[in-house]
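# Chain and residue survey
So you can see what is in the structure, the chains are spelled out below.
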Amino acid sequence: MSTNSSSATQVLFDAPGPKGRRRILLLSVLSVLGIAGLIGAGLWQFAVNGQLDAAKWLPYLRRDYIAFLGEGLWGTLRATAVAAVIAFPFALVLALARLAPLRPLSWAATAWIEFFRGIPMLLVVYAFLLALPAYGVTFDRFWMLVVPMILVSSATTAEVFRAGIRAVDRGQHEAAAAIGLMPRQSMVSVILPQAVRLVLPSLVLALVSLLKDSTLGFVVSYNELQFQGKNMVSITRFLVQTYLVVSGIYIVINLLLTRVALVLDARMQKRAAQG
Amino acid sequence: MIRFESVQKRYPGGTVAVEDFSCTIPSHTATVLVGSSGSGKTTLLRMINRMVDPSAGRVLIDDQDVATTDKVALRRSIGYVMQASGLLPHRTVQDNVATVPMLTGTPKREARAAALDLLETVGLDRGLATRYPSQLSGGQQQRVGVARALASDPNILLMDEPFGAVDPIVRGELQTELLRLQSELGKTIVFVTHDIDEAFLIGDQVVILRPGGEVAQAGTAEEILAAPADDFVERFIGADRGRRALRLEERDGTRIVVDGTGRAAGVLQAAEGDPAVPDGPAKDRA
């Protein structure tokens, strides 16, 4: 797969000549200098205002600070994990329903997917926080965040699965039929295993976006990482430091997830998948 | 015995793949349907295992109309080999071969053991059993495809341009292998190809199709070569270009067989016990 796409890029992308390379080098150097300058200016401003003082950074190594943010991190991971474990299988069901030959089922699934894919997640969270309690339907904070995450993420992930199912070679359907598999058997034992492998990297991306969606927990006062950060700021007044640390944690987690995606992708390439 | 009775296939929208096709395919022989693209040969093949249902007419296997049989059971009882082998990329070679027997209730252990034997039958090393299809060459994949088709020990083997995607040398090997298998197993083979030489090599009976599934000529290779029914058949088998009219010429003391265009087709070899012709390696069995 990757070799195909890279050769396709080579066809479309004309390798630059000596002049072009020089221009690219010059622009690269200039932009690196520009970015470094901006960062430097920022750091200088921080330094002038005393934001780089050790006293403002060392506390983040203190046990109680770590515990406080750790609680938030645990909340974030828990919400993300629970949402993913429910949302992804549900997404698969939605995708299969949308592809089902039974028209009403397919229409219903399509309507459901398009609705939750189209509206911002914040609106769904508000619905659970403000609208539903008015009708006597209440959830605890965890579910007020996680249910909207599931609804929105399953709708977008359903489309990922659908794309994967449709990307499986037509010949595989024919082969499955020719050896006497029934439509359901062929879906379960031939099409789905290949489709899931095709979309594994995209699923990890969906997980990353799920993790970021969990920051909406602050709306319902659920103790996730960003909300804990906000609380910490209101106590310590270390605004810049806290949000930089919190951002750092998010970036590290997402980098780890992306690495997982790369490893999975490599393993998939090495094994079968391209039959 | 497989019998087509005035079969027609008309798709919604008016495209006619097969107009009116009748033919009898005797048991335990290989019949080759040969024709260019659009001759309906694959459509006809797929009518046998009901991947395509005819719009009119009947297909009978041993006098039973396939339309009255259960689709899934029918397909499991018929071997099918397709061009890109259609192997499942996420399963090992062994599991691919064992798929159908396991579907029909053979215990897993037994089916996998049988799969190993089948790999040997089609000329593959047992060591390949744990590989995935993408780790095999095209020719090996095709052999696995044949092994899978044989796994349920079917009486009928349908082959849809099975050797179309491999290079000529491997194709030659696979053809020889198929002939060997057929001489051992004696299945009823229906083979689809657009290569007339392959058709003459494999087929006990060759059916040349015109577009729309019309039979231009049916018979043995010898019958067709000896008496092409019309211009279409002559063109199809290459007789009009002199490819089939061979004559002897003598060069440097060796008798060379030359076709109608003057190209050397091979060297004439002595029949056994005929000292008149000096021995020489056959370049081509024309």
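For clarity, every value in this text was computed on a predicted model and none was experimentally measured. (Residues numbered from 1 in each chain as written. Chains lettered and ligands numbered in written order. Predicted model: local features only at pLDDT ≥ 70, side-chain atom pairs only at ≥ 80, totals over all residues. Heavy atoms only, no water.)

### As for the sheet that holds strand β4 (residues 56-61) of chain B
Residues and elements named next belong to chain B. Quick reminder of the rule: Between any two strands, pairing holds if DSSP finds at least two bridges. Only runs of H or I of at least four residues qualify as helices and only runs of E of at least two qualify as strands under DSSP, and these elements are numbered from the N terminus. We call two residues in contact whenever any of their non-hydrogen atoms come within 4.5 Å of each other. Between N-to-C directions, angles cover 0 to 180 degrees, with each direction set by a line fitted to C-alpha atoms, over the stretch in contact for helices.
Reading across the sheet, the 4 strands line up as β2-β1-β4-β5 and stay open at both edges, with antiparallel pairing between neighbours. What marks the edges here is a single partner per strand, and that holds for β2 (16-25) and β5 (64-65). Across the face of the sheet, helix α1 (residues 41-48) comes into contact with β1 (2-10), β2 and β4 while running at roughly 120° to β1.

### Side note on the packing of aromatic side chains
Residue and element names in this part refer to chain A. Here is the rule we go by: Stacked, edge-to-face and tilted are the three classes for Phe, Tyr and Trp ring pairs, Trp counted by its six-membered ring, which pair at centre distances within 6.5 Å; planes under 30 degrees apart are stacked, over 60 edge-to-face, the rest tilted. Lysine NZ or arginine CZ positioned within 6 Å of the ring centre and within 35 degrees of the ring normal marks a charge as sitting over the ring.
For the coordinates displayed, the defined rule picks out 9 aromatic pairs over all chains. A ring pair is formed by phenylalanine 115 and phenylalanine 116, whose centres lie 5.0 Å apart and whose planes are at 85°; its orientation type is edge-to-face. The ring of phenylalanine 142 carries arginine 78 above its face, with NZ or CZ at 4.4 Å from the centroid.

### A closer look at the sheet that holds strand β12 (residues 254-258) of chain B
All names here are of chain B. The strand order β11-β12-β13 describes an open sheet built from 3 strands, whose pairing is antiparallel. A single partner strand is all that each edge strand has here, and the edge strands are β11 (247-251) and β13 (264-267). Taken pair by pair, the neighbouring strands of this sheet meet at an average axis angle of 40°, ignoring direction. Two elements, β11 and β12, share 5 bridges in a ladder whose sense is antiparallel. In the strand pairing of β12, leucine 248 is matched with valine 257.

### Points about the domain arrangement of chain A
Residues and elements named next belong to chain A. Note the following rule: Throughout the structure description, domain borders are defined by an automatic or database domain assignment. Note on terms: buried area is the combined drop in 1.4 Å-probe accessible area of two parts once they are placed together, counting the loss on both. Salt bridge, as applied in this entry: a Lys or Arg side-chain nitrogen positioned within 4 Å of an Asp or Glu carboxyl oxygen.
In terms of domains, chain A is made up of domain 1 (15-52) and domain 2 (54-270). Look at where the C-alpha atoms of domain 1 and domain 2 centre, and you get two points 35 Å apart. Here domain 1 meets domain 2 over a buried area of about 400 Å², counting both sides, of which 46% is carbon and sulfur. The largest contributions to the domain 1 side of the interface with domain 2 come from Phe46, Gln51 and Leu52, which together make up 87% of the buried area. Seen at the junction of domain 1 and domain 2, the total is 0 salt bridges.

### Regarding the UniProt feature "transmembrane region" (unreviewed entry) in chain A
Selection criterion: UniProt positions are given in the numbering used here, feature names are shortened, and annotations may be inferred rather than shown by experiment.
Sequence positions flagged by UniProt for "transmembrane region" (unreviewed entry) are, in local numbering, residues 24-47, 77-97, 118-136, 142-161, 190-211 and 242-264 of chain A. Counting secondary structure, residues 24-47 of chain A comes out at 100% helix and 0% strand; the distance between its end C-alpha atoms is 34 Å.

### Observations concerning the packing of helix α4 (residues 63-99) of chain A against helix α7 (residues 141-167) of chain A
Residues and elements named next belong to chain A. Just so we agree on the cut-off: For this classification, under 35 degrees means roughly parallel, over 145 means roughly antiparallel, 65 to 115 means roughly perpendicular, and everything else is oblique. Handedness of a helix crossing follows the sense of rotation of the near helix relative to the far helix, less than a right angle counterclockwise being left-handed and clockwise being right-handed. Throughout, the ten residues Ala, Val, Leu, Ile, Met, Phe, Trp, Tyr, Cys and Pro are labelled nonpolar, Asp, Glu, Lys and Arg are labelled charged, and all others, Gly among them, are labelled polar.
Two numbers describe how α4 lies on α7: the axes approach to 6 Å, and their chain directions differ by 40°. One element, α4, and the other, α7, form an angle in the oblique class. As α4 packs across α7, the resulting crossing turns out to be right-handed. Across the contact of α4 with α7, the residue classes break down as 22 nonpolar, 4 polar and 5 charged.

### Topic: the interface of chain B and chain A
Note the threshold: Nitrogen and oxygen atoms within 3.5 Å of one another constitute a polar contact, given that in protein one can donate a hydrogen and the other can accept it, and given that sequence-neighbouring residues count only through two side-chain atoms.
Opposite the 20 residues of chain B that make contact, chain A presents 20 residues. With both chains or domains summed, chain B and chain A bury close to 1800 Å², and 61% of this area falls on carbon and sulfur atoms. Inspection of the region where chain B meets chain A yields 1 salt bridge. As a salt-bridge pair, B:Arg46 and A:Glu174 come within 3.0 Å of each other at their nearest N and O atoms. Applying the counting criterion to the chain B and chain A interface returns 6 residue pairs in polar contact (both at pLDDT 80 or more). Going through the elements one at a time, α2 (71-76) and α3 (93-103) of chain B are the ones with two or more residues in the side of chain B that touches chain A. Taken together, the residues of the side of chain B that touches chain A sort by class into 10 nonpolar, 5 polar and 5 charged.

### Considerations on the packing of α4(A) against helix α9 (residues 183-213) of chain A
Residues and elements named next belong to chain A. For the pair α4 and α9, the least separation of the axes is 11 Å and the interaxial angle reads 145°. Crossing geometry of α4 relative to α9 is assigned as right-handed. Note on element contacts: α9 touches α4 through Met187, Leu192, Leu203, Ala206, Leu207, Leu210 and Leu211, opposite Thr76, Leu77, Thr80, Ala83, Ala84, Phe88, Leu92 and Leu96. Classifying every residue of the contact of α4 with α9 gives 13 nonpolar, 2 polar and no charged.

### Describing the pattern of salt bridges
Summed over all chains, the structure comprises 25 salt bridges over all chains. A:Glu114 is the salt-bridge partner of A:Arg98, the closest N and O atoms lying 3.3 Å from each other. Separated by 16 residues along the polypeptide, A:Arg98 in helix α4 and A:Glu114 in helix α5 (residues 103-118) bring together distant segments of the chain. Where B:Arg126 meets B:Glu120, a salt bridge forms, and the shortest distance between an N and an O atom there is 2.7 Å. One continuous salt-bridge network, built from bridges that share partners, spans A:Arg98, A:Glu114, A:Arg117, A:Glu159 and A:Arg162.

### Observations regarding helix α4 (residues 108-121) of chain B
Residue and element names in this part refer to chain B. Here is the rule we go by: One fewer than the residue count of a helix, multiplied by 1.5 Å, yields its expected span. For each residue, the accessible area found with a 1.4 Å probe, counting protein chains only, is set against the maximum for its type, and the residue is called buried under 20%, exposed over 50%, and partly exposed in between. In this description, one arc is meant: the one made by directions from the helix axis to the C-beta atoms.
Over its 14 residues, α4 runs 20 Å from end to end, which matches the ideal 20 Å to within 8%, given 1.5 Å per residue. Every buried residue of α4 is listed here: Ala111, Ala115, Leu118 and Leu119. Taken down its axis, α4 places every buried residue within 100° of arc, on the same side. Away from the buried face of α4 by more than 90 degrees, exposed residues Arg109 and Glu110 are located. Considering only its buried residues, α4 is in contact with α3 and α5 (138-150). Backbone geometry just downstream of α4 places glycine 123 in the positive-phi region, at approximately 80°.

### What about the pairing of β13(B)?
Residues and elements named next belong to chain B. Where β12 and β13 come together, 3 bridges link them in antiparallel fashion. Its bridge partner lying in β13, valine 258 is registered against alanine 264. Remark: 5 residues form the turn of the hairpin made by β12 and β13, two consecutive strands paired antiparallel; glycine 262 in that turn has positive phi of roughly 90°.

### What to know about the UniProt feature "domain: ABC transmembrane type-1" (unreviewed entry) in chain A
Within this numbering scheme, the UniProt entry marks residues 73-268 of chain A as carrying the feature "domain: ABC transmembrane type-1" (unreviewed entry). End-to-end, the C-alpha atoms of residues 73-268 of chain A are 31 Å apart, and along that stretch the chain is 85% helix and 0% strand.

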